[in-house]
Amino acid sequence: MNNRCASINKILPFSCVDGPGNRLAIFLQGCNLRCKNCHNPYTIGICDNCGGCIPTCPQQALSLQNGVISWNSANCEQCDTCIQHCPRQSSPMTLTYTVDELITITLKYAPFINGITVSGGESTLQLPFLIDYFKAIKATPELKHLTCLIDSNGTLPIQGWQKIAPYIEGAMIDLKSWSEETHIYLTGRSNKRIKESIKWLANNNLLSELRLLLIPEKTDYLNNIEKLSEFINSLGESIPIRINAFHQHGVYGEAVNWLAASMIDIDILEEKLNKNKIYSINKPEIYSQQTK
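In this text the structure is predicted, and so the values were computed from the model without any measurement.

> Could you give an account of the overall build of the protein chain, with specific residues and numbers?
Broken down by element type, the protein chain carries eight helices and 11 strands. Taken over C-alpha atoms, the radius of gyration comes to 20 Å for the protein chain, in line with the 19 Å a tight globule of 292 residues would show. Projecting the C-alpha coordinates of the protein chain onto the three principal axes gives extents of approximately 60 × 45 × 30 Å. Accessible surface for the protein chain amounts to roughly 14300 Å². Of this, 50% is attributable to carbon and sulfur atoms. With 26 positive and 27 negative side-chain charges, the protein chain shows a spacing of 4 Å between the two charge centroids.

Below, the structure written as structure tokens:
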């Protein structure tokens, strides 16, 4: 029996955009970056159970039980009023699962999926839970054929990757800018450790995908294309690169007024990468209506 717990924001039984094939996608609550462009800002903060959101809920789906916010998902209509009134933009609409409970859910969908992707927030903030969950999958005959992937911001130290490496097939990592200065502006933190994670994962055949989020006039990929290309080429030819297009949906604050990335923006970055012998590039299938 494994009663180690995690705070989980959402579980998607079937997802075709969180890794190869049809996947069970699990989104853990909490993140250590403060990205201005975050499309899911309600997954960043951990609810501190202050109770301020309770009277704001139109469906009375929230209550305080023994000092802890209790969320009644049956009454909830997902209007996000509670999040809008939270000074930390944190969601009280999370559930706590044990490893055993999550394994039971995984068994339910196992016949219909190719694998599991754990995302967030930043899933590696709950690393002991991840290790136990993936270890249980590998030890369960009905589940051991499933591939286990992590969608991460890459801030986990190398020692952490070493601990979880035996139980995963790979990780998908975001490199949100090349320069440290721009990364701090966009996320509040340095990207030094992220680059270290990317290199280590690639050297150990665990980098499933490197992601570049293009934000016109904000990200610095084009200004540093030679250094970026040299870095990508050092990872090996087989590493898929995914260019994601920024859009304003779901963002808060100043990013609401940022330009969305158009097809032209994406094509220009792809062309520059191609000129530096980077060809394994996946581009967005859907773009925002806004163009420059």
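There's more to say after this.
> Lay out the pattern of salt bridges in plain terms, naming residues and giving numbers.
Pairing between side chains of opposite charge can happen when their charged atoms approach one another. Evaluation of the coordinates by the stated rule reveals nine salt bridges. Lys36 is the salt-bridge partner of Glu254, the closest N and O atoms lying 3.4 Å from each other. In this pair, Glu254 is assigned in the loop between strand E10 (241–245) and helix H8 (263–275) and Lys36 in the loop between strand E2 (23–28) and strand E3 (62–65), connecting sequence segments 218 residues apart. Given the relative accessible area of 40%, Glu254 is considered partly exposed. Under the relative-accessibility criterion, Lys36 is labelled partly exposed at 27%.

Cut-offs and rules
- Residues numbered from 1 in each chain as written.
- Predicted model: local features only at pLDDT ≥ 70, side-chain atom pairs only at ≥ 80, totals over all residues.
- Heavy atoms only, no water.
- Helix = DSSP H or I, 4+ residues; strand = E, 2+ residues; numbered from the N terminus.
- Rg over C-alpha atoms; globule rule 2.2 N^0.38 Å.
- Areas by Shrake-Rupley, 256 points an atom, 1.4 Å probe, with all protein chains shown as cover.
- Lys, Arg positive; Asp, Glu negative; His and termini not counted.
- Charge placed at Lys NZ, Arg CZ, Asp CG, Glu CD.
- Salt bridge = Lys/Arg side-chain N within 4 Å of Asp/Glu carboxyl O.
- Buried < 20%, exposed > 50% of the residue type's maximum accessible area, 1.4 Å probe, protein only.

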